[in-house]
Amino acid sequence: MNAFGQVLRAEFTKFRTVRGWVVAAVAAAGATILLGLLPGMQGSCGRHGAGSECVPPVGPGGEVVVDSFAFAHRPLTGDGSITVRVTSLTSRLLDPDPDRSRPDEVSPRKASTPGIPTRGSRAAVAPWSKAGLILKAGTAQGSSYAAVLVTGGHGVRMQYDYTHDRAGTSGPVSTDSPRWLRLTRTGDTVTGAESPDGTTWTTVGSVRLAGLPPTVEAGLFTTSPQHAERVGGSLGTGTTGGPTEATGTFDHLLVRGGARSAGAPGQVTRPAWKGENVGMPGSAPRVPGGDLERAGGVFAVTGSGDIAPAVAGAAGIGVSLAQTLAGTFVMLLVVTVVSTGFITAEYRCGLIRTTLTASPRRGRLLAAKAVVVGAVAFVTGLVAAAVAVVLGQRVLRGNGVYVHPATTPTELRVIVGTAALLAVAAVLALGLGALLRRGVTAVATAVAVLVLPYLLAMTVLPDGAARWLLRVSPAAAFALQQTVTQYPQVANLYTPANGYFPLAPWAGFGVLAGWAALALGTAAVLLRRRSA
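Calculation notes
- Residues numbered from 1 in each chain as written.
- Predicted model: local features only at pLDDT ≥ 70, side-chain atom pairs only at ≥ 80, totals over all residues.
- Heavy atoms only, no water.
- Helix = DSSP H or I, 4+ residues; strand = E, 2+ residues; numbered from the N terminus.
- Expected span 1.5 Å × (residues − 1).
- Bend = angle between axes of the 7 residues up to and from the residue.
- Buried < 20%, exposed > 50% of the residue type's maximum accessible area, 1.4 Å probe, protein only.
- Arc of directions from axis to C-beta.
- Axes fitted to C-alpha atoms, helices over the stretch in contact; angles between N-to-C directions.
- Left-handed = near helix turned anticlockwise from the far one by under 90°.
- Contact = heavy atoms within 4.5 Å.
- Nonpolar A, V, L, I, M, F, W, Y, C, P; charged D, E, K, R; others polar.
- Polar contact = N/O pair within 3.5 Å; in protein donor to acceptor, adjacent residues only side chain to side chain.
- Salt bridge = Lys/Arg side-chain N within 4 Å of Asp/Glu carboxyl O.
- Core = buried A, V, L, I, M, F, W, Y, C linked by side-chain atoms within 4.5 Å.
- Parallel < 35°, antiparallel > 145°, perpendicular 65-115°, else oblique.
- Phe/Tyr/Trp six-rings, centres within 6.5 Å; stacked < 30°, edge-to-face > 60°.
- Lys NZ or Arg CZ within 6 Å of the ring centre and 35° of its normal.

Asker: Would you mind showing me how to read helix α5 (residues 362-398) here?
Answerer: Note on helix geometry: an α-helix contains 3.6 residues per turn, so any two residues three or four positions apart are oriented the same way. When the terminal C-alpha atoms of α5 are compared, their 53 Å separation across 37 residues agrees well with the 54 Å that a helix rising 1.5 Å per residue should span. Of all the bends in α5, the greatest, near 30°, is centred on glycine 392.

Asker: Whenever I open this one, unusual backbone geometry confuses me. Can you help?
Answerer: In this structure, tyrosine 162 is a non-glycine residue whose phi angle is positive, near 75°. The class for tyrosine 162 is buried, based on a relative accessible area of 1%. The backbone phi angle of arginine 437 is positive, close to 70°, even though this residue is not glycine. Its location among the elements puts arginine 437 in the loop between α6 (408-436) and α7 (439-450). Among the residues examined, arginine 437 registers a relative accessible area of 32% and is labelled partly exposed.

Asker: Got a minute to help me understand helix α1 (residues 4-17) in this structure?
Answerer: Look at α1: 20 Å from first C-alpha to last across 14 residues, which is about the 20 Å you get at 1.5 Å a residue. Listed as buried for α1 are Val7, Glu11 and Phe15. All buried residues of α1 fall inside an arc of 75° around its axis, so they share one side. Away from its buried face, by an angle of more than 90 degrees, α1 presents the exposed residues Arg9 and Thr17.

Asker: Help me understand the packing of helix α3 (residues 328-349) against α6 in this model?
Answerer: Two quantities define a packed helix pair, namely the angle between the helix axes and the distance between the axes. α6 packs onto α3 with a crossing angle of 35° between their chain directions and a minimal axis gap of 8 Å. For α3 against α6, the interelement crossing comes out right-handed. In this structure, α3 uses Thr328, Met331, Leu332, Val335, Thr336, Ser339, Thr340, Phe342, Ile343 and Thr344 to contact α6, whose residues at the interface are Thr418, Leu421, Leu422, Ala425, Ala426, Ala429, Leu430, Gly433 and Ala434. Of the residues assigned to the contact of α3 with α6, the class counts are 12 nonpolar, seven polar and no charged.

Asker: Where do I start with the environment of threonine 410 in this structure?
Answerer: Tracing the chain through its elements places threonine 410 in helix α6. Overall, threonine 410 belongs to the buried group, its relative accessible area being 18%. As a C-alpha pair, threonine 410 and threonine 483 span 73 residues in sequence and 6.8 Å in three-dimensional space. Among the polar contacts made by the side chain of threonine 410, one reaches the side chain of threonine 407 at a distance of 2.9 Å.

Asker: I tried to follow the side chain of threonine 380 on my own but got confused; where do I start?
Answerer: As for its placement among the helices and strands, threonine 380 is situated in helix α5. Only 2.7 Å separates the side chain of threonine 380 from the backbone oxygen of valine 376, close enough to count as a polar contact. Among all residues touching threonine 380, those that are not within four sequence positions of it are Ala25, Ala29 and Met331.

Asker: Explain the pattern of salt bridges here, please?
Answerer: When the charged atoms of two side chains lie near each other, side chains of opposite charge can form a pair. Scanning the entire structure with this criterion turns up 10 salt bridges. Linking glutamate 11 and lysine 369 is a salt bridge whose minimum nitrogen-to-oxygen distance equals 2.8 Å. Of this pair, glutamate 11 sits in helix α1 while lysine 369 sits in helix α5, and the two are 358 residues apart along the sequence. The class of glutamate 11 is buried, set by a relative accessible area of 2%. Residue aspartate 306 pairs with lysine 130 through a salt bridge whose shortest N-O separation is 3.0 Å. Here lysine 130 lies in strand β4 (residues 130-136) and aspartate 306 lies in strand β19 (residues 306-309), a separation of 176 residues in the sequence.

Asker: How should the nonpolar core be read in this particular structure?
Answerer: What tends to happen in soluble globular proteins is that the nonpolar side chains get buried as a cluster. Core analysis: the largest hydrophobic core is formed by 56 residues, its most contacted members being Leu366, Leu421, Leu428 and Leu430. If you list the elements that add at least two residues to this core, you get α2 (19-37), α3, α5, α6, α7, α8 (452-458), α9 (463-472) and α10 (505-529). Ile82, Leu89, Leu181 and Val204 belong to the second-largest nonpolar core, a separate cluster that totals 33 residues.

Asker: Hey, could you run me through the packing of α1 against α2 in this one?
Answerer: Contact pair α1 / α2: the axes reach a minimum separation of 5 Å and the direction vectors enclose 80°. The angle between α1 and α2 falls in the class roughly perpendicular. Contact residues: Lys14, Phe15, Arg16 and Thr17 in α1; Arg19, Trp21 and Val22 in α2.

Asker: Would you mind going over the packing of aromatic side chains with me for this structure?
Answerer: Pairs of aromatic rings are described using the distance from one ring centre to the other and the angle between the two planes. All told, the structure shown has nine aromatic pairs when counted by the stated rule. Geometrically, the ring pair formed by tyrosine 145 and tyrosine 162 is edge-to-face, given 4.8 Å between the ring centres and 70° between the ring planes. Of the two residues, tyrosine 145 sits in strand β5 (residues 145-151) while tyrosine 162 sits in the loop between β6 (156-160) and β7 (164-167), which places them 17 residues apart along the sequence. On the basis of relative accessibility, which here comes to 1%, the residue tyrosine 145 falls in the buried class. Joined through ring pairs, the aromatic side chains of Phe15, Trp21 and Phe342 make up one cluster. Here arginine 182 stacks its cationic end above the ring of tryptophan 201, 4.1 Å away from the centre of that ring. Above the plane of the ring of phenylalanine 342 lies lysine 369, whose end atom (NZ or CZ) is 4.2 Å from the centre.

What follows is the structure, encoded as structure tokens:
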């Protein structure tokens, strides 16, 4: 019985004849499926007239986006430019009171009027609050746009079509340090520029928006994203936050070009300005006189929301696909116990000598055991992950929870990757069992190495420690379940608990594979040196 195939068959027979191991593997797969299907999380989609957060708009690139802001705009036909000076941008954290309508508004103000509205709760810093100029294909959510803007904590930016962001001058804007902004359209090309004095201009970026219609909407906008922060307590960590609103103060507004012919030769008209809450509930903003360029010169625009790609998380919309695989750690725990027991049981019962006599090539024996536990973990994990992902999404959506869509290749990577994670974890646990030989010690060590880092990173550890642990421990392989993208220009809690891992999916898997190779290789060397 020296051929590898025969050894492999013998080891598989040994595994399937121990009923407890087979039952544990099947029960673990069932638990993983059930935890993915249990209706624990509840949302508002499809309930009580739920809003647009249930079906987010889609941007020009096909990605789901957030497109909510206060907009004072007018049509701009053909080539032209719009210029304004921003003298302040302030923000505050609001009480998340659903009975209170949104305070978005556009109104003339005197230069001496103090800052932001008094409604709302404690003051808050919103680094990605935005105020500036935007040129948009239309007011429909998800339509193509380009904007040049000031932010609460990231200086001047040019952003376009939701996922693109270019940095300009850093530093805050204030009455003592205002910032001039300009957007210029030439055909399908839009150029954003900034100036400290309205005389010397610096280009922030120039972009081509394919398919831009002849007439676009251009004007002033303000928005401020959801605020969230991680907080700690005696029972672990949690999140706190809420909606924010920002107020941008503007003056020296000037539009060049874009006028429409009134019919008579040489006669043109200036379109009237409109106020609108794009993607937001509440009444339309007020624009007295219909002409912002002649209504007193100083304006405040107050709004909430964001213009950006939609993300999952505490400050984002909905959940990621990984939510359906919340039960993976249960299966990982069972796989760890069964895999270590697959070899420590032979030491405990004294059967290891018989096994080594029948299969004297010890490295081959250990490899056969690794193939058996790895294959069992892969097959059961594949079935459990496939069922949990496919049906779990239906359950979440049935509970009113928005689940971020993933492409078919991404779903396949998550399903196959979860199975591969469990298979290699089984090999690592087997290696630890062969090294330590004692069942309780091996199981405790394997759980501490494989399961505990993941649980700590998801629950009690601060973000920095959690990210470090998920770079160096075998739990790094859980990055295979990531389906969402982290955007630097979008405020959110990009934490492992929200589906964001510090390593790329296959890089994280490589960390686990390295641990497994080290454990199994060391075990093979020691197994050859030991008498039994």
